[in-house]
Amino acid sequence: MCLIRENSEERKSPCCVVRWLPIFLILAMLVWSYHVLVYQICIQKVEGYVTMGLLMFFYHLLLFMFLWSWFQCICVAPVKIPDQWKISAEDVDRLKRNEGVEGAARILSNASRNLPIATCTNEGQVRYCKTCWIIKPDRAHHCRSCHRCVLKMDHHCPWVVNCVHFHNFKYFILFLFYAEVYCLYLLCVMFYEMYLICGYDITYLKQEHSWNLLHVFNVSRNRTTMESTYSPYFFVGGKNKHGFNMGCRINFRDLLGDKWFLWIVPIFSSRGDGLTFPLAFDRLKEVRTADQRKDDGPTRAQIVKGNMTKLLGLHHATFDYE
């Protein structure tokens with residue numbers, strides 16, 4: 001079931017038509033490919049009714065699954081982060097007064113004392129959003145296009161006019177998968193017609209396939225596009241791009257779910273709630289220095305957090321990684 005967008009008025013802009021151009025482009029390509037395969041090939045050139053029926057059956061099946069996945073990506077909006085992650089109005093005023101790094105650290109440590117967070121900034125401070133004024137859950141980021149903080153944000157995709165996030169990540173991977181299979185099916189059925197009509201560019205094909213494989217690789221490592229570019233910082237372990245990597249098999253199950261018969265269907269079946277994620281503590285303990293040697297000593301983030309905890313006498317959620 002699609003989620004209704006909240007605060008949709010914030011998303012309106014004078015260039016809203018321009019933002020929907022990629023959607024119209026995909027629809028135009030689908031109409032063109034449908035005309036070529038169904039009318040020009042199946043109806044005009046295929047003589048056997050059985051062959052024609054099989055070609056059209058599998059084509060329409062792929063087209064249906066592609067459209068279903070695509071519309072799910074478009075319609076499922078980022079879920080609102082619960083109010084318990086909001087920074088109080090008093091703390092917001094204190095942060096706006098710019099009381100310095102130590103003052104901000106005290107305020108944020110106090111505001112996040114009961115929240116399950118494991119990631120931090122490169123300075124070892126609690127991550128928060130200066131636009132939404134909330135404590136950021138792990139893997140959440142602020143999207144300037146959606147005007148909100150987004151759970152497990154991967155990137156803002158113009159082809160779906162939406163963020164790729166926790167609640168539509170599975171749909172996005174299926175959207176790429178069915179787009180890939182759809183294109184390969186078209187190539188197998190009408191390769192020579194496509195060559196005659198538009199001179200199909202094989203170089204472009206290779207680039208598109210490589211981009212799709214990159215997303216599959218990131219899923220196998222339990223990383224978003226943002227995390228593969230900018231490694232997250234953890235209170236335990238410091239900077240580490242493998243902090244959420246639980247192993248290839250578990251990573252795919254986290255995304256696709258435990259029910260195997262729903263893996264290829266664009267129905268939400270991912271594990272978790274998008275606010276907290278299991279951590280690979282063994283990988284977090286393996287912090288490497290500049291010369292690639294293992295270092296089991298405390299990181300800068302751990303030192304800062306430890307000092308602030310001692311100073312304020314606060315109790316943060318602990319993580320048993322032994």
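Refer to the structure printed above.
Just so you know, these numbers come straight off a predicted model, no measurement behind them. (Residues numbered from 1 in each chain as written. Predicted model: local features only at pLDDT ≥ 70, side-chain atom pairs only at ≥ 80, totals over all residues. Heavy atoms only, no water.)

> Before we move on, could you go through the side chain of Ser270 and cite the residues and values that matter?
One can find Ser270 in the loop between α9 (248-256) and α10 (281-285). Only 2.5 Å separates the side chain of Ser270 from the backbone oxygen of Leu255, close enough to count as a polar contact. Residues within four places of Ser270 in sequence aside, it is in contact with Lys170, Asp254, Leu255 and Gly257. (Helix = DSSP H or I, 4+ residues; strand = E, 2+ residues; numbered from the N terminus. Polar contact = N/O pair within 3.5 Å; in protein donor to acceptor, adjacent residues only side chain to side chain. Contact = heavy atoms within 4.5 Å.)

> Tell me what's going on with the environment of Phe244, and back it up with residues and numbers.
Among the structural elements, Phe244 can be located in the loop between β9 (238-239) and α9. Classification of Phe244 as buried rests on a relative accessible area of 3%. The sequence separation of Phe244 and Pro278 amounts to 34 residues, and the corresponding C-alpha distance is 6.6 Å. Other than its neighbours up to four places away in sequence, Phe244 contacts Thr119, Asp138, Arg139, Asn222, Glu227, Pro232, Phe234, Asn251, Phe277, Pro278 and Leu279. (Buried < 20%, exposed > 50% of the residue type's maximum accessible area, 1.4 Å probe, protein only.)

> Lay out the packing of aromatic side chains in plain terms, naming residues and giving numbers.
With the rule as written, the count across this model stands at 16 aromatic pairs. An angle of 40° between the planes, with centres 6.2 Å apart, marks the rings of Phe172 and Phe175 as tilted. Here the residue Phe172 and the residue Phe175 both occupy positions in helix α6 (residues 169-198), the gap between them amounting to 3 residues, near one helical turn. Classification of Phe172 as buried rests on a relative accessible area of 2%. Within the aromatic cluster, the residues linked to one another by ring pairs are Tyr34, Tyr59, Phe66, Trp70, Phe71, Phe172, Phe175 and Tyr182. Its guanidinium or amino end placed over the ring of Phe244, Arg139 lies 4.2 Å from that ring's centre, counting from NZ or CZ. Across from the ring centre of Phe277, 4.9 Å away, lies the NZ or CZ of Arg139, which sits over that ring. (Phe/Tyr/Trp six-rings, centres within 6.5 Å; stacked < 30°, edge-to-face > 60°. Lys NZ or Arg CZ within 6 Å of the ring centre and 35° of its normal.)

> With reference to specific residues and values, describe helix α4 (residues 89-96).
All buried positions along α4 are accounted for by Asp91, Val92 and Leu95. For α4, the buried positions fall inside an angular range of 105° around the axis, keeping them on one side. Residues of α4 that are exposed and point over 90 degrees away from its buried face: Ala89, Glu90 and Lys96. Taken together, the buried residues of α4 touch α5 (100-111) and β2 (128-129). At the exit of α4 stands Asn98, carrying a positive phi of roughly 55°. (Arc of directions from axis to C-beta.)

> Explain the environment of Leu186 to me, using residue names and the numbers behind them.
On the secondary structure map, Leu186 appears in helix α6. Overall, Leu186 belongs to the buried group, its relative accessible area being 6%. It is 7.5 Å that separates the C-alpha atoms of Leu186 and Leu37, two residues lying 149 residues apart in sequence.

> Any details on unusual backbone geometry? Residues and values, ideally.
Phi is positive for Lys152, close to 45°, though the residue is something other than glycine. Relative to the helices and strands, Lys152 is located in the loop between β5 (148-150) and β6 (155-157). Lys152 gets classed as buried once you look at its relative accessible area, which sits at 9%. The phi dihedral of Asn222 falls on the positive side, at around 55°, and the residue is not glycine.

> Could you give an account of the side chain of Ser269, naming the residues involved and the relevant values?
Checked against the element boundaries, Ser269 lands in the loop between α9 and α10. For Ser269, a relative accessible area of 16% gives the class buried. Of note is the side chain of Ser269, whose polar atom sits 2.7 Å from the side chain of Lys170. If we ignore the near neighbours within four places in the chain, the residues touching Ser269 are Lys170, Leu255, Leu256, Gly257, Asp258 and Leu262.

> Now, about the pattern of salt bridges: what can you tell me, with residues and values included?
Taken as a whole and judged by the stated rule, the model has 7 salt bridges. Here Arg139 ties to Glu227 by a salt bridge, and the two come within 2.8 Å at their closest N and O atoms. One end of the pair, Arg139, is in the loop between β3 (134-135) and β4 (141-143); the other, Glu227, is in helix α8 (residues 225-229), with 88 residues separating them in the sequence. The exposure class assigned to Arg139 is buried, which follows from its relative accessible area of 3%. A residue is classified by how much of its surface remains accessible, and Glu227, at 5% relative accessible area, is buried. Arg253 is paired through a salt bridge with Asp258; the nearest N and O atoms lie 3.9 Å apart. Residue Arg253 is classed as partly exposed on the basis of its relative accessible area, which comes to 22%. The partly exposed category is assigned to Asp258, whose relative accessible area is 48%. Beyond isolated ion pairs, a larger network of salt bridges with shared partners links Arg253, Asp254, Asp258 and Arg271. (Salt bridge = Lys/Arg side-chain N within 4 Å of Asp/Glu carboxyl O.)

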